[in-house]
Amino acid sequence: MPDLGKYGDTVLSAYGVSIALLIVLVGLSLWRGRRVRSALAEVEERAKRNG
Amino acid sequence: MSLWEYANPRKFLTTSERLLPWFWGLAGLCLVAGLIWGFFFTPDEARQGATVKIIYLHVPAAMLAINAWIMMLVASLIWLVRRHHVSALAARAAAPIGAVMTLIALITGAIWGQPMWGTWWEWDPRLTSFLILFLFYLGYIALWQAIDNPDTAADLTSVLCLVGTVFALLSRYAVNFWNQGLHQGASLSLDKEEHVANVFYLPLLVCIAGFILLFVALVLYRTGTEIRARRMAALLARERAGA
Amino acid sequence: MTLSVTDLAITRGGLPVLEGLSFALPAGQAMVVRGPNGIGKTTLLRTLAGLQPPLRGQISGNEDTIAYAGHADGIKPTLTVRENLSFWASVFGLKDITRALLAYDLGELSERAAGTLSAGQKRRLGLSRLLVTGRPIWVLDEPTVSLDKNAVEMFANAVHTHLAVGGAALIATHIDLGLEAELLDVTPFRAKPAPLDDFDGVFL
Amino acid sequence: MTLSVTDLAITRGGLPVLEGLSFALPAGQAMVVRGPNGIGKTTLLRTLAGLQPPLRGQISGNEDTIAYAGHADGIKPTLTVRENLSFWASVFGLKDITRALLAYDLGELSERAAGTLSAGQKRRLGLSRLLVTGRPIWVLDEPTVSLDKNAVEMFANAVHTHLAVGGAALIATHIDLGLEAELLDVTPFRAKPAPLDDFDGVFL
Amino acid sequence: MIALLLRDLKLAFRAGGGFGLGLAFFLIVTVLVPLSVGPQTSLLALISPGILWLGALLANLLSLDRLLALDWEDGSLDLLATAPLPLEVALGIKAFAHWLTTGLPLVLAAPVLGVLLNLPTAGVSWVVISLLLGTPALSVIGTFGAALTVGLKRGGLLLSLLVLPLYVPTLIFGAEVSRRGAVGMDVTTPLLMLAGITAAAVALLPYASAAVLRVNLR
Amino acid sequence: MIALLLRDLKLAFRAGGGFGLGLAFFLIVTVLVPLSVGPQTSLLALISPGILWLGALLANLLSLDRLLALDWEDGSLDLLATAPLPLEVALGIKAFAHWLTTGLPLVLAAPVLGVLLNLPTAGVSWVVISLLLGTPALSVIGTFGAALTVGLKRGGLLLSLLVLPLYVPTLIFGAEVSRRGAVGMDVTTPLLMLAGITAAAVALLPYASAAVLRVNLR
Ligand code: HEM
Ligand SMILES: Nc1ncnc2c1ncn2[C@@H]1O[C@H](COP(=O)(O)OP(=O)(O)OP(=O)(O)O)[C@@H](O)[C@H]1O
Ligand SMILES: Nc1ncnc2c1ncn2[C@@H]1O[C@H](COP(=O)(O)OP(=O)(O)OP(=O)(O)O)[C@@H](O)[C@H]1O
Ligand SMILES: [Mg+2]
Ligand SMILES: [Mg+2]
């Protein structure tokens, strides 16, 4: 851990918030991607069955 | 072979599927390397102390916030002129990423401003125009969500993006006129290339590369999701029409 | 002044509803569009009126020649019958509305605010608008909804007069109007869904 | 549990539309209300459901016993069929919606957002709501609009079952439902306009 | 009861339900104020408590349009009025759902927007407290206004006119609490008044709302 | 052309047309500002030019909801789109009618409301001039927003979210003119910019509005 001096809180909170936001963005994208992919597979399957 | 072939959804999906692992991997690599380098292995700057480390998040995010909008503008134009569905969906996929990048730039900037300017927020032109850009992102996303018919939504959001760009530029100019702020001066020491020592510059470049790669990976992935959602909606509509 | 349509395909809500439709409507003729609920009659008429682009195919003779009347009449409740009609007349560059008032027996009602009319009277006002457009081709979507016997006859007379002076009319309806008109049953043109794996470029 | 009405007079938009109406609807019976457009059938049913007060006359047996279904179905497009139905079930203190889903063959559709249903499917959902109210008297305004043959039969069956367990139903409709029901033609009860010089206190 | 609450919340969160739009409007108004009165931080700090209150109030106001009108248009209100749930309770719950989806987010966003307006740190907690106490009254009063205008076509502007004067007492005491709090003065009296107004509005207004809604349903 | 203008004016003036509601809203917002930021006259004088602009802008915004939605609901827009009048012209005229019934009254009312806010006398004429120059742009931009959202149910709040950021340049220059005018500074540059924005918006935006409206009519 580098010595951040009196700016420890500042720097750490900036990193914390930014990384958290990035993780949320990536996480939500992956989560929705998975859901849509499986839902589409289901619909596609049904469509094939019904001709 | 023409570039427009990738405007075919299926072709796009298979190609992006092949490329995505590379982009995810490289993005992760650059981000981790750049941020660790910047956070642990760069010295403090004389005037700004440790806060200079925020630059590795703030500047790439700010760059992408603007460039994501430009990408949406280009994609919207392609949709309006050539009617390639993939490009409209790519614009849709990019908007939330741009919004988050804007938010990161705003938040890190605000946190940085506290020690540097002694205030969280200042109605500086660059800051203000970023806030306005954020509003444009919000409006764009809200319009996509409000409209059921996907083609209608694509048309309307594309025109909004076009008109919005003009007004965003106007706002930028207006805000500049309205208040000459702090940001330029404060960042001048890093702006001029001779002042940006290589110790800060190189990790910054790696971080910027990481953010760009992450953006590309996210856009490719999310566009894939949008294509599938669109395909699913079409299949469901067909089912309904058949039933 | 013939309205002609070749190999037309139209979509609604992103899905094709009719395809392969061709017909011609020469001056002096009326044509009745038939088909079950939801087949796409309204969509067809809106496409002909230029309100939405066709998916494929050509339409010719529909530029500035069509007067369209849909489900909604575009009547302002706070304006009087005369004001409503004069407005549309001047939009189409005409002045005289007495013929329109006469044809649908609106003379007595002409100073009433349109909001106080009954549904059938409103509809008569909506139809009389066609007479102040001066357009040769009438494209009408279920024009006789909520009209009583008497009013249906007024409508049939108006169409007759219009045809006699070289106009044409395309009418989607479920009932018999007592007009001698060609029949266009659109049921056989229902769009066949594209094969499932045909997933290139568009999502239809 | 008899719904009975004595010498009822009702108004719409400030004018009396029906007056002098009396009838009784005992448990186990269905009654069909007939009459031309605009006579006041909808107004009558809304009065019975307690949505508007009568001008004169008594209604008894309509407190907390009536399930009303009008032209609009109260369906939320963004909720699924199941969510829509469960909501109304719990408003009426019931839990089980499977019977309602079964009766109108909604099983397959139960996870679809209601906004994506066709008009007829929506109507089926709206009618299935009656089965989760647990109320004995159904008051229905043109329940079979936009239903096809098959669905009309489902509806007739649902009404039969309801009558068999001691319920009652009052139905305004223009078509033949295939139910054995008493007929109530309201045409003779059209309100006569008050004499012009009868201008005392009220403006009716 | 809980079913109605859950339904309203679900509707607000589903696509097109408009959740978040009120918040975005609040943000925009806050941004527009410095753009119009100028960027001097000292001036902004002076007016920020009041502007936050005004912005929250306008955001609240604009979301009222959807509160009952959609239920009216699709017939849900007819059916609710004939359901065993008393209409007073149903409207109370709808007002509560409106507060949860509009008022509460505004309260939570106020400190962040306070930063934009240079709200003095001492004032932040008082702004939040006063909004927390006052916004329920805004929702209840707004429900009354929505019930009054529910049958009108595009009655949004009329609704604003009817409701804004009713918002005045809440605004006065709420803004007073925030302003006094920001400069460290005593806030007891306006705080009590604010709480009193909210309590009275929440307890009594649903009866009035139900009464006018019954008239509109005829 | 003139017929459409006359019709829109008539509709606005007849009962239920909403003429005057925007004005009343402007009045109320202006009254609410002193109630929320406090009654110190010196403070009010400082912020009054900006607040007048903000109030005019919000009043304008709220009246947009009716600009096209009513014509959409009763089918008039379908008929107008198939009429010989180009849709661009029709929308330009509707925007003009909107300005005549909403923008112009606001301009005329501004001096009176300025008194309520202790607007310095030197500032009055500049506020009026800037509003006179700026409000046409607001109407035209608003017409674009209304055309974008015309097919949506109760899209009022979304309309605000889309339109307000587009109002920003007009607001900045307009408020700048008023503020500088009030303290006697030079106003040439912002005044020219304001006029330029209005001219460009009036000349170009109707094309965009017509384009999106055609999409919505499909
Ligand atoms: C909320 C507040 C802030 C916002 C919205 C903001 C926004 C921006 C933007 C848009 C850029 C341009 C990026 C590019 O296109 O290259 C930028 C760059 C930069 N900012 Fe900030 N900023 C904020 C606060 C700060 C603060 C407080 C500092 C430090 C004192 C700072 C230092 C820098 C530096 C050093 C750069 C890179 C050099 C340059 O391009 O000028 N920023 N910021
Ligand atoms: N907004 C919409 N989104 C998606 N699909 C729609 C929409 N409006 C209509 N449809 C569908 O498009 C098809 C054609 O509709 P259209 O209104 O043209 O039918 P129509 O022949 O006029 O029917 P009717 O006889 O009932 O008037 C129908 O199957 C309908 O379900
Ligand atoms: N909002 C209103 N204001 C004034 N009069 C109205 C209003 N709504 C309906 N009416 C009138 O009241 C009368 C009764 O209407 P009601 O809807 O009860 O008729 P109905 O028998 O249900 O007709 P339908 O068979 O068409 O459904 C009609 O003559 C109608 O013109
Ligand atoms: Mg049709
Ligand atoms: Mg009826």
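The structure we're discussing is the one just above.
The following paragraphs examine the structure supplied in this document. (Residues numbered from 1 in each chain as written. Chains lettered and ligands numbered in written order. Predicted model: local features only at pLDDT ≥ 70, side-chain atom pairs only at ≥ 80, totals over all residues. Heavy atoms only, no water.)

1. Here we look at the nonpolar core
Most often, soluble globular proteins have nonpolar side chains that are buried together. Stated precisely, the cut-off is as follows: By nonpolar core is meant a set of buried Ala, Val, Leu, Ile, Met, Phe, Trp, Tyr and Cys residues that side-chain atoms within 4.5 Å join together. With a 1.4 Å probe rolled over the protein chains alone, any residue whose accessible area is under 20% of its type maximum counts as buried; one over 50% counts as exposed, and the rest are partly exposed. Labels follow the DSSP assignment, with helices taken as runs of H or I lasting at least four residues and strands as runs of E lasting at least two, numbered in each case from the N terminus. Pairs of residues are marked as contacts when any of their non-hydrogen atoms sit within 4.5 Å.
Counting 360 residues, the largest nonpolar core has E:Phe25, F:Phe25 and F:Phe144 as the members making the most contacts within it. The leading source of residues in this core is helix α4 (residues 125-146) of chain B, at 14 residues. Those residues in contact with E:Phe25, other than ones at most four positions away along the chain, are E:Leu58, E:Ala59, E:Leu62, F:Leu58, F:Leu61, F:Leu157, F:Ser160 and F:Leu164. In terms of nonpolar packing, the next biggest core, distinct from the first, is built from 9 residues, B:Phe12, B:Leu20, B:Tyr221 and B:Ile227 among them.

2. Considerations on the site of ligand 2
Residues and elements named next belong to chain C. Which entries qualify depends on this criterion: Throughout this document, a residue counts as near a molecule or strand when at least one of its heavy atoms sits within 4 Å of that molecule or strand. Polar contact criterion, stated in full: a pair of N or O atoms within 3.5 Å, where within protein one must be able to donate a hydrogen and the other to accept it, and residues adjacent in sequence count only if both atoms are side-chain atoms. Here the open area of atoms and residues is found with the Shrake-Rupley method and a 1.4 Å probe, where only the protein chains shown may cover a residue. All residues other than Ala, Val, Leu, Ile, Met, Phe, Trp, Tyr, Cys, Pro, Asp, Glu, Lys and Arg, Gly among them, are scored as polar; the first ten of these are nonpolar and the last four charged.
In the region of ligand 2, 13 residues are neighbours, and Gly-38, Gly-40, Lys-41, Thr-42 and Thr-43 sit closest. Contact distances for ligand 2 include 2.6 Å between an oxygen atom and a side-chain N or O atom of Lys-41. For ligand 2, an oxygen atom lies 2.6 Å from a polar atom in the side chain of Thr-42. If ligand 2 stood free it would expose 650 Å²; the protein chains cover 58% of that surface. Element by element, the count of residues in the shell around ligand 2 is highest for helix α1 (residues 41-48), at 3 residues. Grouping the constituent residues of the shell around ligand 2 by class yields 3 nonpolar, 7 polar and 3 charged.

3. Things to note about the interface of chain D and chain E
For clarity, the cut-off: When two parts are brought into contact, each loses some accessible area as probed by a 1.4 Å sphere; the total of that loss over both is the buried area. A pairing counts as a salt bridge when a side-chain nitrogen of Lys or Arg comes within 4 Å of a carboxyl oxygen of Asp or Glu.
In this complex, chain D contributes 23 residues to the contact, which on the side of chain E involves 23 residues. Regarding the contact of chain D and chain E, the summed buried area is about 2,000 Å², with carbon and sulfur atoms giving 63% of it. A per-residue breakdown of the area chain D buries against chain E is headed by D:Leu51, D:Lys76 and D:Phe87, which together make up 28% of the total. The tally of links between chain D and chain E comes to 5 salt bridges. Across the salt bridge formed by E:Asp71 and D:Lys76, the nearest N and O atoms sit 2.4 Å from each other. At the boundary of chain D with chain E, the tally comes to 8 residue pairs in polar contact (both at pLDDT 80 or more). Contributions of two or more residues to the side of chain D that touches chain E are made by β5 (66-69) and α2 (81-91) of chain D. The class makeup of the residues in the side of chain D that touches chain E is 12 nonpolar, 5 polar and 6 charged.

4. Points about the pairing of strand β7 (residues 168-172) of chain D
All names here are of chain D. We count it as follows: Between any two strands, at least two bridges found by DSSP are needed for them to pair.
Here β7 lies mainly inside the structure; 5 of its 5 residues are buried. With burial as the criterion, each face of β7 is covered, one bearing Ala-168, Leu-170 and Ala-172 and the other bearing Ala-169 and Ile-171. With 4 bridges connecting them, strand β3 (residues 30-34) and β7 associate as parallel partners. Bridge pairing in β7 places Val-33 opposite Ala-172. As paired strands, strand β6 (residues 137-141) and β7 are joined by 5 bridges and run parallel to one another. Its bridge partner being in β7, Ile-137 is matched across the sheet by Ala-168.

5. Quick word on helix α1 (residues 2-13) of chain E
The criterion, for reference: Expected span, for any helix, means 1.5 Å times one less than how many residues it has.
Compared with the 16 Å implied by 1.5 Å per residue over 12 residues, the 17 Å span of α1(E) between its first and last C-alpha is a close match. Residues E:Ala3, E:Leu4, E:Leu5, E:Arg7, E:Asp8, E:Leu9, E:Leu11 and E:Ala12 constitute the buried set of α1(E).

6. Comments concerning the environment of D:Pro188
Residue and element names in this part refer to chain D. Take Pro-188: it is sitting in the segment after β8 (182-185). For Pro-188, a relative accessible area of 59% puts it in the exposed group. Spatially, the C-alpha atoms of Pro-188 and Leu-18 are 8.8 Å apart, while their sequence positions differ by 170 residues.

7. Describing empty space enclosed by the protein
The line we're drawing: In this analysis a 1.4 Å probe is tested at points of a 1 Å grid over the protein atoms alone, and where it fits but cannot get out there is a cavity; an open set with protein on both sides within 12 Å along at least five of seven lines is a pocket; lining residues have an atom within 4 Å of a point. Grid points are joined across faces, edges and corners, and a volume is the space filled by probe spheres set on the points.
Under the counting rule described, the total for this entry stands at 10 cavities of 30 Å³ or more. Residue lining of the largest cavity: 14 residues in total, with E:Leu62, E:Asp65, E:Gly156, F:Leu62 and F:Gly156 positioned closest to the centre. The class makeup of the residues in the lining of the largest cavity is 8 nonpolar, 4 polar and 2 charged.

8. Structural notes on the arrangement of the chains
Looking across the 9 pairs of chains in contact, one finds the most contacts between chains E and F. Across all C-alpha pairs, the smallest distance from chain C to chain D is 9 Å, and the two are not in contact. At the level of C-alpha atoms, the two units chain C and chain E stay apart, their nearest approach being 12 Å.

9. Thoughts on the packing of aromatic side chains
Rules: Each aromatic pair joins two rings of Phe, Tyr and Trp (for Trp, the six-membered one) with centres within 6.5 Å, and gets the label stacked for planes under 30 degrees apart, edge-to-face for over 60, and tilted for any other angle. Remark: a charge is flagged as sitting over a ring if the NZ atom of Lys or the CZ atom of Arg is within 6 Å of the ring centre and within 35 degrees of the ring normal.
Under the definition given, this model contains 15 aromatic pairs over all chains. Ring plane angle 45° and centroid distance 5.7 Å describe the contact between B:Phe177 and F:Phe173, whose orientation is recorded as tilted. Taken together, the residues span two chains, with B:Phe177 in helix α5 (residues 150-178) and F:Phe173 in helix α8 (residues 156-182). Each member of the pair, B:Phe177 as well as F:Phe173, is classed as buried. The aromatic ring of A:Trp31 is capped on one face by A:Arg35, whose charged end is 4.6 Å from the ring centroid. Against the face of D:Trp88 rests D:Arg129, its NZ or CZ located 5.6 Å from the ring centre.

10. What about the relation of the copies chain F and chain E?
For the record, the criterion: Residues below a pLDDT of 70 in either copy are left out; the C-alpha atoms of the rest, at least 70 in both, set the least-squares superposition of the copies.
Here chain F sits on chain E after a turn of 180° about the axis and a move of 0.1 Å along it, with an RMSD of 0.1 Å. These values place the two chain copies in the arrangement generated by a two-fold rotation axis.

11. Comments concerning the sheet that holds β3(D)
Strand-to-strand pairing in sheets goes through backbone hydrogen bonds, with the strands running parallel or antiparallel. All names here are of chain D. Quick reminder of the rule: Helix axes use the C-alpha atoms of the stretch in contact, all axes being lines fitted to C-alpha atoms, and the angles between their N-to-C directions lie in the range 0 to 180 degrees.
Across the sheet, 5 strands lie side by side as β5-β6-β7-β3-β8; this open sheet has parallel pairing. Two strands bound the open sheet, and with one partner strand each, they are β5 and β8. Pairs of neighbouring strands in the sheet enclose a mean axial angle of 15°, with direction left out of account. Strand direction decides the pairing type here: β3 and β8, joined by 4 bridges, are parallel. Opposite Val-32, over in β8, you have Leu-183 as the bridge partner.

12. Some points on the pairing of strand β6 (residues 137-141) of chain C
Each regular strand carries side chains that alternate between the two faces of the sheet. Residues and elements named next belong to chain C. The buried fraction of β6 amounts to 5 of the 5 residues, a majority that puts the element mostly inside the structure. Residue alternation in β6 divides its side chains into two sets, Ile-137, Val-139 and Asp-141 and Trp-138 and Leu-140, and both sets are buried. When strand β5 (residues 66-69) meets β6, the two strands line up parallel, connected through 4 bridges. Counted as the bridge partner of Ala-67 is Trp-138 from β6.

13. Notes on α1(C)
Note: α-helices contain 3.6 residues per turn, so residues at a spacing of three or four share the same orientation. Residues and elements named next belong to chain C. The buried fraction of α1 is high, at 7 of 8 residues. Of all the residues in α1, the buried ones are Lys-41, Thr-43, Leu-44, Leu-45, Arg-46, Thr-47 and Leu-48. After α1 finishes, the residue Gly-50 shows a positive phi value of roughly 85°.

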